[in-house]
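Observations on chain architecture
Chain by chain, the residues run as shown.
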Amino acid sequence: MLEVREVPGKGRGVFATRTITGGEVVLREPPLLLYPQQSTAAAFCSFCLRAFNSLEDSAAAVVPCGTCGRVGFCSSACAAAAAADVGSHCAAVCGLLAACNTAGLSDEQQTALQFLARCCALRQAAAAGDAAAAARCAAIAGLAAPPPLVPHPAEQQSAPGTGSNSSTDVVVRELHGRLSHALAAIGAGPAAALSPAEAAELLRKEATNGYGVMAPSAPDGERRIRGTALYAQASLINHECLPNVARFDRFDASSAPASSAPHPGANTAVEFRALHDIPAGEELTQSYFPLPWPLADRQQRCQEDYGFQCTCPRCKEEATWSDSEWEADGDAGMEDALAAEGAADGAACGHHSHQHDAPGGGPAAAEQEGGADPACISLFLLKYVCPAEGCYGTLAPLPPGAGAGDQYECNMCGRRRSEAEFMAELEAAQ
Ligand SMILES: C[S@@+](CC[C@H](N)C(=O)[O-])C[C@H]1O[C@@H](n2cnc3c(N)ncnc32)[C@H](O)[C@@H]1O
């Protein structure tokens, strides 16, 4: 169904090799690496990141790490799976993190150490002949790492003893120094060691390709990160501001103990679902941030975090809008959207196929393309942005055959809305 190809100006991208139906799951993939965010780690399983408070009996269910006692698991099955998985909280990672001096490091810096410790453990296992670890090292090495335009989040608070200097080199050297010390303390072999340049490159790969796994909404409504996931294939899906796929994860999907799940970690696979029909040859695209973000924020984030300038049809069109057009967009957007829905069948806007390169289309083809139709932008946002207040999630159709008719589901809050309800809301808002 999918193939990976070079896309001019974007590196690699993922393309449909056949027509994909709206709602179809285009990719389901377990993580290459999954690790907790330091600040929230106590609330989640250190193997599968399930929220302890999502378990039926969370107090009884939390199993502490038998060695360091500093992290917990949602079941003994997850504790055993972590011990057996070199990329998780295995003996090497446990020992390395326990031996590492983290005094004065920021949350992001300690989270970066979680990632680097796992990379060291995988390298050591690979050098000892573990083929699966070698494959994971190769997959991590294959991730894109565009040149940094701004510091990695781990660099944004200077390490102790570094004064106000928070430059990339100083922070990476600080993390690298502490890690090297810990590697020596636990007697790790030379294969586990990273040079400062390798550590810096790994952090860039992590920043470019890591998916933040969100915690459930807190009572104050704030959504915090519970951890980071790296995926081999999902990391190849490029960004567009009117995407055609949305990411769904199910970390807290079942409150059943892991022992009754198909296998520990079954809740960690990511799923990408088509928002609408996607013709063969079209590139799959996701939005790297919430769809309603304004142009300036989207552009800034693309530049600063991912090192590219977004020139998608939505950005091109919105760049031509005056301040009054932005202000009027709310009400007029509704009318435009209705006009678009009536004029087309929704598909022409929904598929926005005019805005994509034909297979093999290069920069010349892209340059000939104009901005997206404003009415189509309005319709797209009304149809696919979750209407729940403060959610900003993306609605995607349920997979064909899910037996729920024409229902759309939010990838953040799980809210459902049918096509008919959407049409009724559009009419009512007129
Ligand atoms: C998660 S990776 C996506 C896969 C990547 N293209 C590759 O070759 O591995 C993110 C990086 O892809 C590139 N990218 C993603 N979307 C892009 C876009 N719309 N325009 C230009 N570059 C893009 C940027 O270099 C970005 O840092």
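Keep in mind it's a predicted model, so treat the numbers as computed, not measured.

Once that is clear, we can look at the sheet that holds strand 7 (residues 211-214). In spatial order, the strands read 4-8-7; together these 3 strands make up an open sheet with antiparallel pairing. Where the open sheet ends on each side, the last strands, each with one partner, are strand 4 (33-36) and strand 7. Between one strand axis and the next, the sheet turns through 25° on average, direction left out of account. Inspection of the sheet shows strand 4 paired to strand 8 (residues 225-230) by 4 bridges, in the antiparallel sense. Opposite Tyr35, over in strand 8, you have Thr228 as the bridge partner. Where helix 7 (residues 196-209) meets the sheet, it contacts strand 4, strand 7 and strand 8, and its direction lies at approximately 110° from that of strand 8.

Another point: the pairing of strand 11 (residues 270-274). Taken across its 5 residues, strand 11 has 5 buried, putting it largely inside the fold. Judged from the 4 bridges that link them, strand 3 (residues 25-29) and strand 11 form a sheet pairing that is antiparallel. Paired with Val25 across the two strands is Arg273, which belongs to strand 11. Taken together, the 5 bridges between strand 10 (residues 245-249) and strand 11 define a ladder with antiparallel strand orientation. Bridging from a neighbouring strand, Asp249 pairs with Val270 of strand 11.

A separate point is the environment of Ala82. On the secondary structure map, Ala82 appears in helix 2 (residues 76-84). In contact with Ala82, not counting residues within four places along its chain, are Phe47, Phe73, Ser88, His89 and Cys90.

On to the side chain of Thr268. Along the chain, Thr268 falls in the loop between strand 10 and strand 11. Classification of Thr268 as buried rests on a relative accessible area of 6%. Of the polar contacts made by the side chain of Thr268, one reaches the backbone oxygen of Gly265; its length is 2.7 Å. In contact with Thr268, not counting residues within four places along its chain, are Pro31, Leu34, Cys48, Tyr231 and Phe251.

What follows is about the packing of aromatic side chains. To describe a pair of aromatic rings, you give the distance between the ring centres and the angle between the ring planes. Taken as a whole and judged by the stated rule, the model has 7 aromatic pairs. With centroids separated by 5.6 Å and ring planes inclined at 70°, the aromatic side chains of Tyr211 and Tyr231 adopt a geometry described as edge-to-face. Residue Tyr211 is found in strand 7, and its partner Tyr231 is found in the loop between strand 8 and strand 9 (238-239); the two are separated by 20 residues along the sequence. Since its relative accessible area comes to 10%, Tyr211 is described here as buried. Following the ring pairs from residue to residue traces out a cluster consisting of Tyr211, Tyr231 and Phe272. Across the ring face of Phe15, the terminal group of Arg5 is positioned such that the distance to the ring centre comes to 3.9 Å. Directly above the ring of Phe248 sits Arg273, whose terminal nitrogen or CZ lies 3.9 Å from the centroid.

This paragraph deals with the nonpolar core. Across soluble globular proteins, nonpolar side chains show a tendency to be buried alongside one another. Leu33, Phe115 and Leu116 are the most contacted members of the largest nonpolar core, which has 36 residues in total. Mapped by element, the contributors of at least two residues to this core are strand 4, helix 3 (91-99), helix 4 (107-127), helix 5 (131-141), helix 6 (168-185) and helix 7. With 10 residues, the single largest contributor to this core is helix 4. One finds Ile20, Val213, Ala234 and Val245 within the second-largest nonpolar core, a separate group that totals 21 residues.

Right, let's get into the site of the ligand. Near the ligand there are 16 residues, and of these Lys10, Arg12, Asn238, His239 and Tyr306 occur at the shortest range. In the environment of the ligand, a nitrogen atom lies 2.8 Å from a nitrogen or oxygen atom belonging to the side chain of Asn238. Within the contact set of the ligand, a nitrogen atom lies 2.9 Å away from a backbone nitrogen or oxygen of His239. If the ligand stood free it would expose 570 Å²; the protein chains cover 90% of that surface. When residues of the shell around the ligand are traced back to their parent elements, those giving at least two are strand 2 (11-16), helix 7 and strand 9. Broken down by class, the residue content of the shell around the ligand amounts to 7 nonpolar, 7 polar and 2 charged. Shared between two domains, the shell around the ligand holds at least three residues of each, these being domain 1 (31-230) and domain 2 (288-428).

Right, let's get into the sheet that holds strand 14 (residues 407-410). Taken in spatial order, the 3 strands of this open sheet run 13-14-15, and their pairing is antiparallel. The sheet is open, and its two edges are formed by strand 13 (395-397) and strand 15 (416-418), each paired on a single side. Direction aside, the axes of adjacent strands within the sheet are offset by 30° on average. Sheet topology places strand 13 next to strand 14; 3 bridges connect them, and they run antiparallel. Note on strand 14: the bridge partner recorded for Leu395 is Cys410. This element, helix 14 (residues 419-428), spans strand 14 and strand 15 of the sheet and lies at about 80° to strand 15.

Criteria and cut-off values
- Residues numbered from 1 in each chain as written.
- Predicted model: local features only at pLDDT ≥ 70, side-chain atom pairs only at ≥ 80, totals over all residues.
- Heavy atoms only, no water.
- Pairing = 2+ DSSP bridges.
- Helix = DSSP H or I, 4+ residues; strand = E, 2+ residues; numbered from the N terminus.
- Axes fitted to C-alpha atoms, helices over the stretch in contact; angles between N-to-C directions.
- Contact = heavy atoms within 4.5 Å.
- Buried < 20%, exposed > 50% of the residue type's maximum accessible area, 1.4 Å probe, protein only.
- Polar contact = N/O pair within 3.5 Å; in protein donor to acceptor, adjacent residues only side chain to side chain.
- Phe/Tyr/Trp six-rings, centres within 6.5 Å; stacked < 30°, edge-to-face > 60°.
- Lys NZ or Arg CZ within 6 Å of the ring centre and 35° of its normal.
- Core = buried A, V, L, I, M, F, W, Y, C linked by side-chain atoms within 4.5 Å.
- Near = heavy atom within 4 Å.
- Areas by Shrake-Rupley, 256 points an atom, 1.4 Å probe, with all protein chains shown as cover.
- Nonpolar A, V, L, I, M, F, W, Y, C, P; charged D, E, K, R; others polar.
- Domains from an automatic or database assignment.

Shape is all these values report; function is a separate question.
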